[in-house]
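Structure at a glance
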Amino acid sequence: MLNVSPIPAFQDNYIWLITNNNHAVVVDPGEAAPVEKILAERGLTLDAILITHHHWDHTGGVNALLTSWPQAQVYAPAAEAMPAAGAIALNDGDHVSLPALELELKVISVPGHTLGHIAYYAHQHSTPPLLFCGDTLFSGGCGRLFEGTPKQMHDSLQRLAGLPDDTRVYCTHEYTQANLAFCHAVEPNNPELKKYLQNVAKLRQQGVPTLPSTMAREKAVNVFLRAHLAGVRAAAQAHQGAELNEVIEVFAALRRWKDDF
Ligand code: ZN
Ligand code: FE
């Protein structure tokens, strides 16, 4: 059975561990030690490492993991510096086949946070679809625009929003609670958001991860997927003190607003 679980790293990163029987894959191992610990505890073999983008908190553990797992195949975005020698460079539409895990992933190009950023999407027969989206889509938020434009990020998020509603959204950071505080400032009367805020507060009090999210929920609460709505636009305009005619302008204003929220 395919299983996905978070390995906490640094302050608020999750390295996602995908397993089937004793075979394992990790997504964005920023550090190696917590991964090695879980692999040893569970008697797992590391088959592959998937990288979404070049930032150190997503790639820092790759070479140490390869020292103990030299047969593990690394996959990374073609448009960015390879995290290790022998890594397979991926472009939009490519497929990653992991037969030992009975897992097939499709590559989706999602520039914005970085220019080469990719996401991995798996549509299984028996389980809901899985999305590993790195620092592109967060629960209640999106990545900062370090390299891309608002238009690139907005287009990337819209592509992800087009995935099925039951898609499980595996983000790389536990930013949910802070993100929802921002969403609430933009949409104080969104009932779905209010409910989710309460649930998330409870989970965080107990130290429980708020992830994965689902695409249906993100479309209901995440203002970065809701820039086309009149209420969101009105809030962005009020904050900006200027008229915003295009959806991209609303999105860009929201992103700037969040940057110093
Ligand atoms: Zn990043
Ligand atoms: Fe990150």
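What counts and how
- Residues numbered from 1 in each chain as written.
- Chains lettered and ligands numbered in written order.
- Predicted model: local features only at pLDDT ≥ 70, side-chain atom pairs only at ≥ 80, totals over all residues.
- Heavy atoms only, no water.
- Helix = DSSP H or I, 4+ residues; strand = E, 2+ residues; numbered from the N terminus.
- Contact = heavy atoms within 4.5 Å.
- Areas by Shrake-Rupley, 256 points an atom, 1.4 Å probe, with all protein chains shown as cover.
- Lys, Arg positive; Asp, Glu negative; His and termini not counted.
- Charge placed at Lys NZ, Arg CZ, Asp CG, Glu CD.
- Donors = N, O, S within 2.8 Å, 3.2 Å for Na, K, Ca; no water.
- Tetrahedral: all angles 85-135°; square planar, octahedral: opposite > 155°, others 65-115°.
- Salt bridge = Lys/Arg side-chain N within 4 Å of Asp/Glu carboxyl O.
- Buried < 20%, exposed > 50% of the residue type's maximum accessible area, 1.4 Å probe, protein only.
- Pairing = 2+ DSSP bridges.
- Arc of directions from axis to C-beta.
- Axes fitted to C-alpha atoms, helices over the stretch in contact; angles between N-to-C directions.

Observations regarding the overall build of the protein chain
Of regular secondary structure, the protein chain possesses nine helices and 14 strands. Along the longest, intermediate and shortest principal axes, the C-alpha atoms of the protein chain span 55 × 40 × 35 Å. Taking the contacts inside the protein chain whose residues are at least 6 apart along the sequence as the reference set, 58% of them involve residues at least 24 apart. Here the protein chain displays about 11200 Å² of accessible surface, and carbon together with sulfur accounts for 52% of that area. Within the protein chain, one finds 18 positive and 26 negative side-chain charges whose respective centroids are separated by 8 Å.

Here's the deal with the coordination of the zinc ion (ligand 1)
The protein atoms donating to the zinc ion (ligand 1) are His-53 (NE2), His-55 (ND1), His-113 (NE2) and Asp-135 (OD), with metal-donor distances spanning 2.2 to 2.3 Å. Each of the four donor atoms bound to the zinc ion (ligand 1) contributes to angles spanning 85 to 173°, and the resulting shape is irregular. Read N to C, the donor residues that coordinate the zinc ion (ligand 1) are spaced as H-x1-H-x57-H-x21-D. Between the zinc ion (ligand 1) and the iron ion (ligand 2), a separation of 3.2 Å is found, and both are coordinated by Asp-135.

With respect to the coordination of the iron ion (ligand 2)
Under perfect tetrahedral coordination by four donors, a metal shows angles of 109.5 degrees; under perfect octahedral coordination by six donors, it shows angles of 90 or 180 degrees. At this site the iron ion (ligand 2) is bound by Asp-57 (OD), His-58 (NE2), Asp-135 (OD) and His-173 (NE2), with donor distances of 2.1 to 2.4 Å. Taken in sequence order, the residues that donate to the iron ion (ligand 2) follow the motif D-H-x76-D-x37-H.

Quick look at the environment of Ala-253
Positionally, Ala-253 belongs in helix H9 (residues 247–259). As for Ala-253 and Ala-242, which are separated by eleven residues in sequence, their C-alpha atoms are 10.0 Å apart.

A few points about the pattern of salt bridges
Pairing between side chains of opposite charge can happen when their charged atoms approach one another. Using the criterion set out here, one finds nine salt bridges in the structure. In this structure, Asp-92 and Arg-159 form a salt bridge, with 3.1 Å as the shortest nitrogen-oxygen distance. Of this pair, Asp-92 sits in the loop between strand E6 (88–90) and strand E7 (95–98) while Arg-159 sits in helix H4 (residues 150–161), placing them 67 residues apart in sequence. Residues joined in a network through salt bridges with shared partners are Arg-144, Arg-255 and Asp-259.

Focus: unusual backbone geometry
Working note: non-glycine residues mostly have negative phi, and peptide bonds are mostly trans. The peptide bond linking Leu-211 to Pro-212 adopts the cis configuration, its omega dihedral lying at 0°. A positive phi is found at Phe-10, a non-glycine position, where the angle reads about 50°. Along the chain, Phe-10 falls in the loop between strand E1 (2–9) and strand E2 (13–20). A positive phi angle, close to 50°, is found at Asn-21, a residue other than glycine.

Concerning the pairing of strand E5 (residues 73–77)
With four of five residues buried, E5 lies mostly within the body of the structure. Both strand E4 (residues 45–50) and E5 contribute to a ladder of three bridges, which runs parallel. Bridge pairing links Ile-49 to Val-74 in E5. Here E5 pairs with E6 via three bridges, running parallel.

Details of helix H8 (residues 230–240)
When H8 is considered as a whole, its buried residues turn out to be Val-232, Ala-235 and Ala-236. Buried residues of H8, seen end-on, are gathered within an arc of 95° and therefore sit on one face of the element. Facing away from the buried surface of H8 by more than 90 degrees, the exposed residues are Ala-230 and Ala-238. Taken together, the buried residues of H8 touch helix H5 (176–186) and H9. A positive backbone phi angle near 70° is found at Gly-241, which sits one or two residues after H8.

Considering the sheet that holds E4
Strand order in the open sheet formed by six strands is E1-E2-E3-E4-E5-E6, with mixed pairing between adjacent strands. Because the sheet does not close on itself, it has two edges, and the strands there are E1 and E6. Neighbour-to-neighbour, the strand axes of the sheet open up by a mean angle of 25°, direction not taken into account. Its contacts with the sheet place helix H1 (residues 33–42) against E1, E2, strand E3 (23–27) and E4, and it is angled at close to 140° to E1.

Interpretation note: all reported values are geometric properties and have no functional meaning in isolation.
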